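Architecture at a glance
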Amino acid sequence: MSGDKHLPTLHGQCGNERRYLRWCQPLVLCGGLWLAPHVLALDAEVKGLKGPAATNVANFLAGLTLENEAPAERYEDEIIRRSQEALQAYGYYDAKITLSYPAQGLLGGDDVVVTIDPGNPVLIKTLVIRLEGDAANDKVMKKAVADADLNEGDALRHQRYDSLKNKLTTLSLERGYFDSNFTQHRIEVRPWESSASIYLVFASGQRYRFGDIHYLNSQIELDRVKMMQSFKTGDYYEAGKLSQFSQRLSEAGWFRSVAIKPKLNQDDVLQTTSPDAAIPYTQAPGYSESWLSDTTLASDDADSDFYSGNATESDTLDSSAVDADARDEKAGAESIAILGAGNDDVNKPVLTTEALEAAVKVAEGGQVPIDIELVPADRHKFETGIGFSTDVGPRLQFGWSMPWVNRYGHSLNNKLFLSSPEQTFEGEYRMPLADPLKDSYVLEYGMSNTDDDDTESLETTVRFTREWKFDNGWTQRVFFGSTYEDYVQADDSGTVLLLYPGVSWSRARTRPKTFPMWGDRQQLTIEYGNEAWASDVTFLRTQFDTSIIRSLGDNHRFVARMGLGNVSTDNFDDMPPSMRFFTGGDNSVRGYSYESLSPEDDDGDLEGGSSLLTGSLEYDYRLTGDWWGAAFYDAGDAFNGWPPEDLNTAAGMGVRWISPVGPIRLDIAHPFDDDDNDYRIHFSIGPEF
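Residues numbered from 1 in each chain as written. Predicted model: local features only at pLDDT ≥ 70, side-chain atom pairs only at ≥ 80, totals over all residues. Heavy atoms only, no water.

This part is about the overall build of the chain. Check the secondary structure of the chain and you find ten helices and 27 strands. The burial tally for the chain puts 45% of its 689 residues in the buried class. Long-range pairs, those at least 24 residues apart, make up 59% of the contacts in the chain with a sequence separation of at least 6. Split by element, the accessible area of the chain, about 34500 Å² in all, is 51% carbon and sulfur. (Helix = DSSP H or I, 4+ residues; strand = E, 2+ residues; numbered from the N terminus. Buried < 20%, exposed > 50% of the residue type's maximum accessible area, 1.4 Å probe, protein only. Contact = heavy atoms within 4.5 Å. Areas by Shrake-Rupley, 256 points an atom, 1.4 Å probe, with all protein chains shown as cover.)

Attention now moves to the packing of helix α4 (residues 139-146) against helix α5 (residues 158-174). The geometry of α4 relative to α5 is characterised by a closest axis approach of 10 Å and an angle of 170 degrees between their N-to-C directions. Relative to α5, the element α4 is oriented roughly antiparallel. Every residue of α5 that contacts α4 at V140, M141, A144 and V145 is listed here: L164, K167, L168, L171 and S172. Here the residues of the contact of α4 with α5 sort into seven nonpolar, one polar and one charged. (Axes fitted to C-alpha atoms, helices over the stretch in contact; angles between N-to-C directions. Parallel < 35°, antiparallel > 145°, perpendicular 65-115°, else oblique. Nonpolar A, V, L, I, M, F, W, Y, C, P; charged D, E, K, R; others polar.)

Turning next to the pattern of salt bridges. One pass over the structure, following the stated rule, counts 36 salt bridges. Note that K143 and D147 form a salt bridge whose closest N and O atoms lie 2.6 Å from each other. Its salt-bridge partner being R430, residue E467 comes within 2.7 Å of it at the nearest N-O pair. Here E467, found in strand β17 (residues 455-469), pairs with R430, found in strand β15 (residues 422-432); they are 37 residues apart in sequence, far enough to count as distant. R430 matches E467 in its accessibility class, with the two residues each being buried. Here the residues in one salt-bridge network are R557, R590, E618, D620, D634, R656 and D667, joined through shared partners. (Salt bridge = Lys/Arg side-chain N within 4 Å of Asp/Glu carboxyl O.)

With that out of the way, let us pick up the confidence of the model for the chain. Residue-level pLDDT values for the chain average 81, and 78% of them are 70 or greater. Confidence drops under pLDDT 50 across residues 1-36; counting only partners more than four residues distant or on other chains, this segment forms 45 contacts. In this model, residues 284-353 is a region of pLDDT below 50 whose contacts with residues beyond four sequence positions or in other chains number 140 contacts. (pLDDT = per-residue confidence, 0-100.)

Time to look at helix α7 (residues 239-252). Helix length check: α7, at 14 residues, gives a terminal C-alpha distance of 20 Å against a target of 20 Å (1.5 Å per residue), a fit within 8%. Within α7 the residues assigned to the buried category are L242, F245, L249 and A252. What you see down the axis of α7 is that its buried residues fit within an arc of 85 degrees, all on one side. Structural note: α7 exposes S243 and E251 on the side pointing more than 90 degrees away from its buried face. In the core, the buried residues of α7 are packed alongside β9 (209-216), α6 (222-226), β10 (255-262) and β11 (367-376). Residue G253 follows α7 closely and has a positive phi angle near 80 degrees. (Expected span 1.5 Å × (residues − 1). Arc of directions from axis to C-beta.)

Secondary-structure assignment places S204 in the loop between β8 (195-203) and β9. C-alpha of S204 to C-alpha of D134: the two residues are 70 residues apart in sequence and 6.3 Å apart in space. Residues within four places of S204 in sequence aside, it is in contact with E132, G133, D134, A135, Y177, D179 and S180. A polar contact of 2.9 Å, which involves the side chain of S204, links it to the backbone oxygen of E132. At 3.2 Å, the side chain of S204 and the backbone nitrogen of D134 are in polar contact. (Polar contact = N/O pair within 3.5 Å; in protein donor to acceptor, adjacent residues only side chain to side chain.)

With that settled, consider unusual backbone geometry. A cis amide bond links R511 to the next residue, P512, at an omega of -15 degrees. Cis geometry is adopted by the peptide bond preceding P643, which originates at W642 and carries an omega value of 5 degrees. Tracing the backbone through its elements, the reader meets P643 in the loop between β24 (627-639) and β25 (648-659). Phi at S194 is positive, roughly 50 degrees, even though this residue is not glycine. Tracing the chain through its elements places S194 in the loop between β7 (181-190) and β8. Judged by relative accessible area, which is 23%, S194 ranks as partly exposed. A positive phi is found at D453, a non-glycine position, where the angle reads about 55 degrees. Tracing the backbone shows D453 in the loop between β16 (439-452) and β17. Take D453: its relative accessible area is 64%, and that puts it in the exposed class.

Let's shift gears to the packing of helix α2 (residues 52-62) against helix α3 (residues 76-88). Packing of α2 against α3 brings their axes to within 9 Å, and their N-to-C directions diverge by 140 degrees. The angle between α2 and α3 places the two elements in the oblique class. Between α2 and α3 lies a crossing of right-handed hand. Residues N56, V57, F60 and L61 of α2 pack against I79, R82, S83, E85, A86 and L87 of α3. (Left-handed = near helix turned anticlockwise from the far one by under 90°.)

As a further point, take the nonpolar core. Residues L42, V57, I79, L87, V114 and I116 are the most contacted members of the largest nonpolar core, which totals 25 residues. Of all the secondary-structure elements, those providing two or more residues to this core are α2, α3, β4 (96-100) and β5 (112-117). Of the residues forming this core, the biggest block, five residues, is contributed by α2. Not counting the four nearest positions on each side in its chain, L87 is found in contact with L49, V57, Y92, A95, I97 and I116. Ranked by size, the runner-up nonpolar core spans 24 residues in total, among them F178, I213, I220 and L242. (Core = buried A, V, L, I, M, F, W, Y, C linked by side-chain atoms within 4.5 Å.)

Strands sit in the order β6-β8-β7 across an open sheet of three strands; the sheet is mixed. Edge positions in the sheet fall to β6 (123-132) and β7, since each has one partner strand and no second. Between one strand and the next, the sheet's axes are offset by a mean angle of 5 degrees, whatever the strand orientation. Note that β7 and β8 share nine bridges and pair antiparallel. Residue Q184 lies in a different strand from β8, and its bridge partner there is V201. (Pairing = 2+ DSSP bridges.)

Right, dumping it as structure tokens:
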């Protein structure tokens, strides 16, 4: 064949043949494609030692590559050196290492077997960890030291030391210790006596405070914006409070963008790099003038070689005590703390870009001025949507909102829903109070026209609400509502005006939001109308709904729902359809048409019930990727009196697809209490709640 000249010939030892076959066998099966370069990772088996230390050795050796079909024996010195370094990270400084090279077959095998006699680990004999300066009285800094898991008598674990040092460095930036440094940071190891001494002294200096706070380009009154600000001039600096404030400003919806900039140097502008940038943080403008250059972060010269696995013998510890501060002569002992592929944080930046941006500037006077640059959101927003469900058929949605109506931060939101049986317009005018995200007055209004089987209704509702949102996720609403409805329900017809105060509590939690694997939702609403304040009907109406989603692993999902409702009145015939209970459909009792379950009159027309009870159990199983299968059992009914004499039930199976536009659900349900229909198909788009 003319293509034969492109194929390399087999030659050399059996091990070379095995490595050749490992790469070219799948290529031969594909019809003689081009052969990949002969660069192979070392396959090593570790014996004589188990646990994290053995894993660290294997992982560190996996980074060694065999080039040009070279046998593993040529890398013996490097294999031993890497194994020693990986063991030292776990305190084994006197390990005996023996290498053997098993014969290779055509199907391959391990390149080398590393047999380890670890000996006794080095124990911490002396431990000196101290905070100096303002950090000595900082509870967060003290807790970081207490949680470091470094104790006299414990086996030396370099990673714990390094983690503590990195933690203190990060916290110093987050909490305003911009003049801090380590006055002592060394590990003295004495392998001959299996002991080590750790000295880590962190001198924080003063803790900086927030300085003057300047707002730029806010169209909202500053007094109202500052209501969301959790810090003030003179408070101790905390980067977390700046992040929290930025999030709150974004959630308010008033601004298109928010930029909060600590100004530690009024003149310098730092061009920082992201963790994925090509240049390291140590080359960022302003780094050399900052206190960060005094802190060892494994970046240059011997340290960079040490971390990359290219360290020479002069980079490692010998049997004498080594001072980690003398980095120009030897790599510090702390460098060894994170040797080996088993330490995941070796190549990750310790600092976020935001923290670095604050830290590499030089503050003056112990205060950090803050500039807050705001860009107003668009005054008007419009949206359109189209959907379909078997409950109402095709559905159109139009929305118009004003994120900010005036300088007080009031907002307006209107929506129009159009479907064959229902046409609904609803809106709200929101007036934020002391905490714009949690406290507000809301004026709600809407109109609805319904023409569905035995129900004809034209309803107008206005409700004035006081709303509180709590830190635990619950929302409380106290309201006074009015509803005017012109209706025909079976043989009942008329017009009615209802005036009613009410209260509701609700909470919804989901993880993740699109297709939750964990979540729950609860809502309880109580409304009371009385003829004493000109309501046409005296009534007490309560409704409670709850849904729970839980999962087992990544492939099993369970969904449970329950609904309860009751309206108590002496004049039920005068209650409009919007205050009566109906059930059945995609989101209640599948197997039955939309709101088709309720008491009937003598002609078989639906009247609506004074009570409601529904329940559903569903099991979902991941078929593949974003496709899930479902099996469910639903039960429920709307009825008069309590308890119900019987409930309508149904069971079925379905499919869920997590599409780019949201979850799409297709169910086929068999109703057990409907003699006219053997099954019903339900189709809907959107999350459960």
